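Spelled out, the chains give:
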Amino acid sequence: MWLFLLFVSIPIVEIALFIQVGGWLGLWPTLAIVVLTAIMGTFLVRAQGLMAITNIRSNLQEFQDPTESLAHGAMILASGLLLLTPGFFTDAVGFALLLPPVRLALFRWLRSKVKVQSFVQTDYRREPRPADNGGVIDGEFSELDDDAPRPTHTPPSGWTRH
């Protein structure tokens, strides 16, 4: 129900803001503001997104919990989507999400609502340890007669239709 209310109320707010700002500034300045905020937002999102990716990589290389960096990256992505959406309300929310203090406050609020049980990270670059089975590999086999005719076409498996 909350999603339905968002999908209905946000366009209504945007239309009302377009009418108000358009009546105050006129058509062309209003459209110019919308286009300029999209362009500015694209550059800001790109710069902050690259910093977020750098932070995520750094956390993973140092075996630190990347939750906060991932959350910041997701909020920067959401900010980019909001800034590319035409409208004043979505632009205001998008620019607010580009501010690190706003993202940090939102992250802390979300973290208080979500309980993470554990975080585990494995270093896949290391060589795998061999299994302690003395070099024995279990398996089944059957001997084939070399003179027996081999089928040229196997029957259908039942998963495909021929």
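Look above for the structure.
Residues numbered from 1 in each chain as written. Predicted model: local features only at pLDDT ≥ 70, side-chain atom pairs only at ≥ 80, totals over all residues. Heavy atoms only, no water.

Brief notes about the overall build of the protein
Piece 1. When helices and strands are tallied, the protein shows 5 helices and 0 strands.
Piece 2. Secondary structure elements in the protein, listed N-terminal to C-terminal, are α-α-α-α-α.
Piece 3. Here the protein, with 162 residues, has 19% of them falling under the buried criterion.
Piece 4. In the protein, the proportion of contacts linking residues at least 24 apart, taken out of those at least 6 apart, comes to 65%.
Piece 5. Of the roughly 13,700 Å² that the protein leaves accessible, carbon and sulfur atoms contribute 66%. (Helix = DSSP H or I, 4+ residues; strand = E, 2+ residues; numbered from the N terminus. Buried < 20%, exposed > 50% of the residue type's maximum accessible area, 1.4 Å probe, protein only. Contact = heavy atoms within 4.5 Å. Areas by Shrake-Rupley, 256 points an atom, 1.4 Å probe, with all protein chains shown as cover.)

Thoughts on the side chain of Thr90
Piece 1. Within the element layout of this structure, Thr90 appears in helix α4 (residues 88-97).
Piece 2. Its relative accessible area of 6% is what places Thr90 among the buried residues.
Piece 3. A polar side-chain atom of Thr90 sits 3.5 Å from the main-chain carbonyl oxygen of Gly87.
Piece 4. When residues no more than four places from it in sequence are discounted, the contact partners of Thr90 are Ile10, Glu14, Leu82 and Thr85. (Polar contact = N/O pair within 3.5 Å; in protein donor to acceptor, adjacent residues only side chain to side chain.)

What about a nonpolar patch on the surface?
Piece 1. Where nonpolar side chains cluster on the molecular surface, the patch consists of Met1, Trp2, Phe4, Leu5, Val8 and Ile12 and spans about 750 Å² of accessible area.
Piece 2. Within the fold, Phe4 resides in helix α1 (residues 2-25). (Patch = residues over 30% accessible without salt bridge, like charges linked within 9 Å, V, L, I, M, F, W, Y side chains within 5 Å. Salt bridge = Lys/Arg side-chain N within 4 Å of Asp/Glu carboxyl O.)

Section: unusual backbone geometry
Piece 1. If you check the backbone angles, Phe63 has positive phi at about 55 degrees while not being a glycine.
Piece 2. Looking at the secondary structure, you find Phe63 in the loop between α2 (27-61) and α3 (67-84).

As for the packing of α3 against α4
Piece 1. Interaxial distance between α3 and α4 falls to 8 Å at its minimum, and their mutual angle equals 155 degrees. As summarised for this structure, α3 and α4 are arranged roughly antiparallel, according to the angle between their axes. Both α3 and α4 take part in a crossing whose hand is left-handed. Taken together, the residues of α4 that come into contact with α3 (itself represented by Met75, Ala78, Ser79, Leu82 and Leu83) are Thr90, Asp91, Val93, Gly94, Phe95 and Leu97.
Piece 2. Grouping the constituent residues of the contact of α3 with α4 by class yields 7 nonpolar, 3 polar and 1 charged. (Axes fitted to C-alpha atoms, helices over the stretch in contact; angles between N-to-C directions. Parallel < 35°, antiparallel > 145°, perpendicular 65-115°, else oblique. Left-handed = near helix turned anticlockwise from the far one by under 90°. Nonpolar A, V, L, I, M, F, W, Y, C, P; charged D, E, K, R; others polar.)

Looking at the nonpolar core
Piece 1. Listed in full, the 5 residues of the largest apolar core are Val45, Ala52, Ile76, Leu83 and Leu98.
Piece 2. Listed by contribution, the elements that provide at least two residues to this core are α2 and α3.
Piece 3. Apart from the residues lying within four places of it in its own chain, the contact partners of Val45 are Ile76, Ser79, Gly80, Leu83 and Leu98. (Core = buried A, V, L, I, M, F, W, Y, C linked by side-chain atoms within 4.5 Å.)

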